[in-house]
Amino acid sequence: MILGRYFEDMCAQMYYRGKMFGFVHLYNGQEAVSTGFIKLLKQQDSVVSTYRDHVHALSKGVPARAVMSELFGRTTGCCRGQGGSMHMFSKKHNLLGGFAFIGEGIPVATGAAFTSKYRREVLKEADCDHVTVAFFGDGTANNGQFFECLNMAALWKLPIVFVVENNLWAIGMSHLRATSVPEIWKKGPAFGMPGVHVDGMDVLKVREVAMEAITRARRGEGPTLVECETYRFRGHSLADPDELRDPSEKAHYATRDPITALKKYMFDNNMASEAELKAIEKKIDELVEEAVEFADSSPHPPRTQLLENVFADPKGFGIGPDGKYRCEDPKFTQGTAHV
């Protein structure tokens, strides 16, 4: 959780210094959800995120320097600089995205869960007990894709956990004003799956609920819908002045900081000393600083890379009459070559 918080704070600094471009959505305040769920997963398990995906990527094991480089738009990023803030992806870590539009990651996650079930039951891969965790926000829970995938996952008993990170605000729309039944977890039983509500500011409570849901999915007992009630400490994005939320509401949730709460729990139960936690914080601070230095010194993508990963041809825009990839023609991206 400390890594996520320090990383996001550094992102804010780098954004305002002009090192990052576009929309950048930070995860401050919601770290207990990512840590509580993803740290229980195996590498083969899949995670599908939203546009607020930096910390999900870090929790899944993507190196901080690869995430920061992606944010800087450099070739050393986890998507070679082509994804940016909202499209983190790592095949190695089974991080399937980063999706900029709300709801679009849920069908992908459902498909990943179907793949696991198909490999186990049809292809007879007995050791394939992989689980998928789909993260999304409260605003997404009113979209059609959400309900369609709940139905399909329950019908086929897919190994998936649907995690609603209910931070109470969909950009500037209060959850209570936008949803006829605010208790999102109740939508689970309507489709024949367990629905659970948990305090998303308490990492230990999140972990307890996550363990049960993930274990259930791994046993082949089907999906679970988990609503984690949490709060983001910053605006919707770094371009948001955050003037719509009541200051008293923000102050209230600031007192429930999940990192501060865990520290207090550890001190009260003699699990760690202040010196030990300070040492961890110093180590993470150095890690984040190194990630920035690495990203800033990494090269920008070449212009020819613009054409890659767009069409089925892995190198770009097809093969020319001479049998060579058109994107390798130095004149191509200058707009002077024949297409």
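- The chain is annotated in an unreviewed UniProt entry as Pyruvate dehydrogenase E1 component subunit alpha of Rhododendron griersonianum.

1. Section: the overall build of the chain
Stage number 1. Tallying secondary structure elements over the chain gives twelve helices and seven strands in all.
Stage number 2. Since a compact globule built from 339 residues should have a radius of gyration of about 20 Å, the 21 Å found for the chain is in line with a globular shape.
Stage number 3. The dimensions of the chain, computed from C-alpha atoms along their principal axes, are 70 × 50 × 40 Å.
Stage number 4. For the chain, the residues scored as buried account for 47% of the 339 residues in total.
Stage number 5. Considering only intrachain contacts with a sequence separation of at least 6, the fraction spanning at least 24 residues in the chain is 71%.
Stage number 6. Accessible surface for the chain amounts to roughly 16500 Å². Of this, 56% is attributable to carbon and sulfur atoms.
Stage number 7. Of the charged side chains in the chain, 40 are positive and 43 negative, and the gap between their average positions amounts to 4 Å.

2. With respect to the packing of helix H11 (residues 258-268) against helix H12 (residues 274-297)
Stage number 1. In the contact formed by H11 and H12, the axes pass within 11 Å of each other and the chain directions differ by 145°. Contacts from Lys263, Met266 and Phe267 in H11 reach Glu274, Leu277 and Glu281 in H12.
Stage number 2. In terms of residue class, the contact of H11 with H12 is built from three nonpolar, no polar and three charged.

3. Focus: the packing of helix H1 (residues 2-16) against H12
Stage number 1. It is the contact of H1 with H12, at a shortest axis distance of 10 Å, that shows an interaxial angle of 40°. Taken together, H1 and H12 sit at an angle that is classed as oblique. Between H1 and H12 the crossing geometry is right-handed. Contacts between H1 and H12 involve Ile2, Leu3, Tyr6, Phe7, Met10 and Met14 from the first element and Glu281, Ile284, Asp285, Leu287, Val288, Glu289 and Val292 from the second.
Stage number 2. In terms of residue class, the contact of H1 with H12 is built from ten nonpolar, no polar and three charged.

4. Brief notes about the packing of aromatic side chains
Stage number 1. According to the stated counting rule, one finds eight aromatic pairs in the structure shown.
Stage number 2. Judged by centre distance (5.4 Å) and plane angle (45°), the rings of phenylalanine 114 and tryptophan 156 are tilted. Residue phenylalanine 114 is located in helix H5 (residues 105-121), and its partner tryptophan 156 is located in the loop between helix H6 (144-155) and strand S3 (160-166); the two are separated by 42 residues in the primary sequence.
Stage number 3. In this structure phenylalanine 114 comes out as partly exposed when scored by relative accessible area, which is 36%.

5. Concerning the pattern of salt bridges
Stage number 1. Counted according to the given criterion, the structure contains 18 salt bridges.
Stage number 2. In this structure, arginine 218 engages aspartate 45 in a salt bridge whose closest nitrogen and oxygen atoms are separated by 2.7 Å. With a gap of 173 residues between them, arginine 218 in helix H9 (residues 203-218) and aspartate 45 in the loop between helix H2 (31-38) and strand S1 (46-48) connect regions that are remote in the sequence.
Stage number 3. Aspartate 45 gets classed as buried once you look at its relative accessible area, which sits at 0%.
Stage number 4. Between aspartate 268 and lysine 264 there is a salt bridge, with its nearest N and O atoms 2.8 Å apart. With aspartate 268 and lysine 264 both in helix H11 and four residues apart, the pair spans about one turn of that helix. Across the pair, exposure class does not vary: aspartate 268 and lysine 264 are exposed alike.
Stage number 5. Where salt bridges share partners, they join Lys42, Asp45, Asp129 and Arg218 into one cluster.

Conventions we followed
- Residues numbered from 1 in each chain as written.
- Predicted model: local features only at pLDDT ≥ 70, side-chain atom pairs only at ≥ 80, totals over all residues.
- Heavy atoms only, no water.
- Helix = DSSP H or I, 4+ residues; strand = E, 2+ residues; numbered from the N terminus.
- Rg over C-alpha atoms; globule rule 2.2 N^0.38 Å.
- Buried < 20%, exposed > 50% of the residue type's maximum accessible area, 1.4 Å probe, protein only.
- Contact = heavy atoms within 4.5 Å.
- Areas by Shrake-Rupley, 256 points an atom, 1.4 Å probe, with all protein chains shown as cover.
- Lys, Arg positive; Asp, Glu negative; His and termini not counted.
- Charge placed at Lys NZ, Arg CZ, Asp CG, Glu CD.
- Axes fitted to C-alpha atoms, helices over the stretch in contact; angles between N-to-C directions.
- Nonpolar A, V, L, I, M, F, W, Y, C, P; charged D, E, K, R; others polar.
- Parallel < 35°, antiparallel > 145°, perpendicular 65-115°, else oblique.
- Left-handed = near helix turned anticlockwise from the far one by under 90°.
- Phe/Tyr/Trp six-rings, centres within 6.5 Å; stacked < 30°, edge-to-face > 60°.
- Salt bridge = Lys/Arg side-chain N within 4 Å of Asp/Glu carboxyl O.

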